[in-house]
Amino acid sequence: MGILQSLGLRRASQWQRLTLLDHLLLSPLTFLTITLYHILVWLRGRPLRPPRGKEPVRVVCISDTHDLTVDVPDGDILVHAGDLTNEGTAADVQKQLDWLNSFDHPVKIVVAGNHDSYFDRRSRREEDVRSRAKVQLGDILFLQGDMTVQEVNGRKISIFGAGDVPECGPQEFAFQYTPTTQPWHNRVPPQTDILVTHTPPKHHLDLDLGCPHLLREAWRVRPRLHVFGHCHWAYGQEPIYFDEMQAAYEALLSRPRRGPIMDFVPNRSWFYMWQVIYYGVQGVAWKWLMGGPRGNQGSIMVNAAQMYGDTGRIKSRAVVVDI
């Protein structure tokens, strides 16, 4: 580890957040645009609300508990977005399922993470194969490329889940795919209200490790809520509008970062930055000055990782979203 990394001025791995110095050395223009984008999104306010005359559905989101347990608030739907365990054995998975079954949420949804080897026959541990181990789901709905429609508070909520992740480790990791075997093309039903995946979509709460193919699916389907985990340091929630501002923001982030000197040479990144500003200000005006239809249409993305970065420690910080 270098001196700057030991001092906390540079990140030590791609699984950590970029530091301020990292941002400035990679691209000050991109860092400025990221900051402006989040300010403009915040000014636009909440991107969705429950249908008029309907009770909200409270979704409690957690992920990446890795054999540990956390405090879980009450709600209507409990979502665990994968990495229940570290080793992924049937015994370890069962302990986590028993813990989740102890809660009173009427609907409980689980997808696998890359550490949950039991759920993928290709990566299942040898001892589980030999013993033909089985797990008992109880009242948990395990989704792997499946949709379930649940009636909650008088509303029908469509939930699609899948634990597939871009290749990131040994063959013992579950549901890995390569860029050529990516599984997302037209996979998510268009009526999906809640999308649950283990991997994040590209450019959103993902440390730049998310999947661009999943992002395209999110654009196509535009679920009201997208819950994921996997990238521990990217924990949080983010409003999403699927509009010109977001398209320009994602286009900028997809470009190579040219360094602090080359940023001053006019290039297409400048164009995307000004698009973010122009369309973002327009969106704020629609929301607060004209009350137009763009002001309250969108989604929420949630990285619900409970593991605190790469510390090995867990924090009770479930994300609660009313949809």
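Refer to the structure printed above.
These figures come from a predicted structure and were not determined experimentally.

K.L.:
Explanation requested: the packing of helix H3 (residues 28-44) against helix H7 (residues 244-253) in the structure shown.
P.N.:
Geometry of a packed helix pair, given as the angle between the helix axes and the separation of the axes. With their axes 11 Å apart at the nearest point, H3 and H7 run at an angle of 160° to one another. Looking at the two axes, H3 sits roughly antiparallel to H7. The chirality of how H3 crosses H7 is left-handed. Across from Leu29, Thr30, Thr33, Ile34, Tyr37, His38, Leu40, Val41 and Arg44 in H3, the residues of H7 making contact are Met245, Gln246, Tyr249, Leu252 and Leu253. A per-class count over the contact of H3 with H7 returns nine nonpolar, four polar and one charged.

K.L.:
Teacher, can you tell me more about the side chain of Gln176 here?
P.N.:
The residue Gln176 is located in strand S8 (residues 176-177) in this model. Residue classification places Gln176 among the buried positions, given a relative accessible area of 17%. A distance of 2.8 Å separates the side chain of Gln176 from the backbone nitrogen of Cys168, its partner in a polar contact. At 3.0 Å, the side chain of Gln176 and the backbone nitrogen of Gly169 are in polar contact. Apart from the residues lying within four places of it in its own chain, the contact partners of Gln176 are Arg122, Val165, Glu167, Cys168, Gly169, Pro170 and Gln171.

K.L.:
Just checking my understanding: could you explain the packing of aromatic side chains for this structure?
P.N.:
Given two aromatic rings, their pairing is described by the distance between the two centres and the angle made by the two planes. Evaluation of the coordinates by the stated rule reveals eight aromatic pairs. Here the aromatic rings of Trp99 and Phe103 are separated by 5.6 Å at their centres, their planes lie at 75°, and the arrangement is edge-to-face. Taken as a pair, Trp99 and Phe103 share a single burial class, namely buried. Residues Phe271 and Tyr272 carry aromatic rings whose centres are separated by 5.6 Å and whose planes lie at 55° to one another, so their mutual orientation is tilted. You can call Phe271 partly exposed: its relative accessible area is 40%. Through successive ring pairs, a cluster of aromatic residues spans Tyr118, Phe119 and Phe142. In this structure, Arg44 packs its charged tip against the face of Tyr241, placed 3.7 Å from the ring centre. Sitting over the ring of Tyr118, Arg124 keeps its end group 4.2 Å from the ring centre.

K.L.:
In this structure, what is going on with empty space enclosed by the protein? I would like to understand it.
P.N.:
Think of a ball as big as a water molecule: rolled over the atoms, this probe shows where empty space is left. On inspection of all chains with the given rule, the structure shows two cavities of 30 Å³ or more. Taken as a whole, the largest cavity spans an internal volume of roughly 40 Å³. Grouping the constituent residues of the lining of the largest cavity by class yields two nonpolar, three polar and four charged. The space that makes up the second largest cavity amounts to roughly 30 Å³.

K.L.:
I keep staring at the state of the cysteines and nothing clicks. Help me out?
P.N.:
Cysteine pairs can be linked by a disulfide, which is a covalent bond between their two sulfur atoms. All chains considered together, the criterion is met by zero disulfides. Just so you know, Cys168 is unpaired, no disulfide at all, and the nearest cysteine sulfur is the one on Cys231, 9.0 Å from it. A relative accessible area of 28% means that Cys168 is categorised as partly exposed.

Conventions we followed
- Residue numbers restart at each chain and count upward from 1, following the sequence in its written direction.
- pLDDT decides what is reported in this predicted model: residues at 70 or higher carry local features, side-chain atom pairs at 80 or more are listed and counted, and totals for whole chains, interfaces and linings draw on all residues regardless.
- Excluding hydrogens and water, the side-chain values take into account all heavy atoms of the structure.
- For every element, the axis is a line fit to its C-alpha atoms; helices are fit only across the contacting stretch, and the angle between N-to-C directions ranges from 0 to 180 degrees.
- Only runs of H or I of at least four residues qualify as helices and only runs of E of at least two qualify as strands under DSSP, and these elements are numbered from the N terminus.
- Orientation is classified from the angle alone, with under 35 degrees giving roughly parallel, over 145 giving roughly antiparallel, 65 to 115 giving roughly perpendicular, and any other angle giving oblique.
- Should the near helix be turned anticlockwise from the far one by less than a right angle, the crossing is left-handed, and should it be turned clockwise, the crossing is right-handed.
- By definition in these notes, contact holds between two residues if any of their heavy atoms fall within 4.5 Å.
- Residue polarity is assigned by list, with Asp, Glu, Lys and Arg as charged and Ala, Val, Leu, Ile, Met, Phe, Trp, Tyr, Cys and Pro as nonpolar; anything else, Gly included, falls into the polar class.
- Burial classification: accessible surface area is computed with a 1.4 Å probe over protein chains only, and a residue below 20% of its type maximum counts as buried, one above 50% as exposed, and the rest as partly exposed.
- The term polar contact refers here to a pair of N or O atoms within 3.5 Å; inside protein, the definition further demands a hydrogen-donor-capable atom paired with an acceptor-capable atom, and it admits residues adjacent in sequence only when both atoms are side-chain atoms.
- Here the aromatic set is Phe, Tyr and Trp, taking the six-membered ring for Trp, and pairing holds for ring centres within 6.5 Å; pairs whose planes are under 30 degrees apart are stacked, those over 60 apart are edge-to-face, and all others are tilted.
- Whether a charge sits over a ring comes down to the Lys NZ or Arg CZ being within 6 Å of the ring centre and within 35 degrees of the ring normal.
- Using only the protein atoms, space was sampled on a 1 Å grid; points where a 1.4 Å probe fits but cannot get out form cavities, open sets with protein on both sides within 12 Å along at least five of seven lines form pockets, and lining residues are those with an atom within 4 Å of a point.
- Grid points are joined across faces, edges and corners, and a volume is the space filled by probe spheres set on the points.
- Any two cysteine sulfur atoms lying within 2.5 Å of each other are counted as a disulfide.

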